Amino acid sequence: MRVAIAGAGAVGRSVALELIDNGHEILLIDKAPASIRSDLVPDAQWLLADACELSSLEEAQLETCDVVIASTGDDKANLVISLLAKTEFSVPRTVGRVNHPANEWLFGDSWGVDVSVSTPRIMSALVEEAVTVGDLVRLFTFRQSNTNLVELTMPDDSPHIGHRVADIPWPQDVVLVAILRDNAIQTPDSDRSLEAGDELLFVSPEDAEHDLGQLLSPKKAS
């Protein structure tokens, strides 16, 4: 898979290294000469250019990319890059980095963003996830389907401790995707029972989140 990353700062380089380790072809683009650090990511292609300029993206042959990641520190630039990638080059998948939470609402279909990644939201969610038991924590939003990746740690007093996954009346359209237990991932097989302290990961519509929290932790959700 060919991936173009606009913004070769610490975030862009870190993402590039991870993707290269997974066998993907990476192009890093940045308009600042000081950011062109090919020594730090030697296996990537590098391009000194302004990714907000159509001519730069043509030079980058963006039409050959499977994914474009707009990871600069400027939300306006990330929106423009995503929009150009989607509308001018028909890139199948765009990912936009949100730097300021107030701008999060802009990162959607109208600006060509398939997936938005809000660093402040992720950090706050991880903090909540680390300190709360029985509370539903939203980790990630899938904007195209209006669904969220959410987490809940089963409290000791949950009414469904010991119940089989298949026997729990999950809210409509809610999908249990993984159970984290004893530092391992458990598949949510229908015969598997839930235990106190299990971290449950769900894909859930936003309007079903309250019912999901009420189901597993009624004291918290009430």
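The sections below set out a description of the structure shown in this document. Note that this is a predicted model, so its numbers are computed, not measured.

1. A word on the overall build of the protein chain
- Helix and strand content of the protein chain: six helices and 11 strands.
- Taken over 222 residues, the protein chain has a buried fraction of 45%.
- In the protein chain, the share of contacts with a sequence separation of at least 24, taken over all contacts with a separation of at least 6, comes to 52%.
- Surface accessibility of the protein chain: about 11300 Å² in total, with carbon and sulfur atoms responsible for 52%.
- Taken together, the 16 basic and 36 acidic charged side chains of the protein chain have centroids lying 3 Å from each other.

2. Let's talk about the sheet that holds strand S8 (residues 147-153)
- With antiparallel pairing, five strands are arranged side by side in an open sheet as S7-S8-S11-S9-S10. Either end of the sheet is taken by a strand with one partner, and the two such strands are strand S7 (137-142) and strand S10 (184-186). Sheet twist, expressed as the average angle between the axes of neighbouring strands with direction ignored, equals 25°.
- Of the strand pairs in this sheet, S8 and strand S11 (residues 199-205) are connected by seven bridges, and their pairing is antiparallel.

3. Details of the pairing of strand S4 (residues 67-70)
- Going residue by residue along S4, you find Val-67 and Ile-69 tucked away on one face and Val-68 and Ala-70 tucked away on the opposite face as well.
- For strand S1 (residues 2-6) and S4, the ladder comprises four bridges, and the chain directions are parallel. Within S4, the residue paired with Ile-5 across the bridge is Ile-69.
- Pairing between S4 and strand S5 (residues 93-98): four bridges, direction parallel. Note that in S5 the partner of Ile-69 across the bridge is Val-95.
- Since S4 and S5 lie parallel, the crossover through helix H3 (residues 75-89) that links them has a hand, and here it is right-handed.

4. Considering the pattern of salt bridges
- Within this structure, the stated rule accounts for nine salt bridges.
- Between Lys-76 and Asp-74 there is a salt bridge, with its nearest N and O atoms 3.7 Å apart.
- Linking Arg-164 and Asp-167 is a salt bridge whose minimum nitrogen-to-oxygen distance equals 2.8 Å.
- With relative accessibility at 48%, the residue Asp-167 sits in the partly exposed group.

5. As for the sheet that holds strand S3 (residues 45-48)
- Spatially, S3-S2-S1-S4-S5-S6 is the arrangement adopted by the six strands of the open sheet, whose pairing is parallel. Bordering the open sheet on either side are S3 and strand S6 (115-118), each of which pairs with just one other strand. Strand-to-strand twist of the sheet, defined as the mean angle between neighbouring strand axes without regard to direction, takes the value 15°.
- Contacts between H3 and the sheet are confined to S1, S4 and S5, with S5 contributing the most and set at about 175° to the helix.

6. Observations concerning the state of the cysteines
- A full pass over the atoms with the stated rule returns zero disulfides.
- Of the cysteine sulfurs around Cys-52, a residue in no disulfide, the closest is that of Cys-65, at 16 Å.
- A relative accessible area of 27% places Cys-52 in the partly exposed class.
- Note on Cys-65: relative accessible area 3%, which makes it buried.

About the criteria used
Residues numbered from 1 in each chain as written. Predicted model: local features only at pLDDT ≥ 70, side-chain atom pairs only at ≥ 80, totals over all residues. Heavy atoms only, no water. Helix = DSSP H or I, 4+ residues; strand = E, 2+ residues; numbered from the N terminus. Buried < 20%, exposed > 50% of the residue type's maximum accessible area, 1.4 Å probe, protein only. Contact = heavy atoms within 4.5 Å. Areas by Shrake-Rupley, 256 points an atom, 1.4 Å probe, with all protein chains shown as cover. Lys, Arg positive; Asp, Glu negative; His and termini not counted. Charge placed at Lys NZ, Arg CZ, Asp CG, Glu CD. Pairing = 2+ DSSP bridges. Axes fitted to C-alpha atoms, helices over the stretch in contact; angles between N-to-C directions. Right-handed = clockwise from strand over helix to strand, strands pointing away. Salt bridge = Lys/Arg side-chain N within 4 Å of Asp/Glu carboxyl O. Disulfide = S-S within 2.5 Å.

Purely geometric stuff here, so don't read any function into it on its own.
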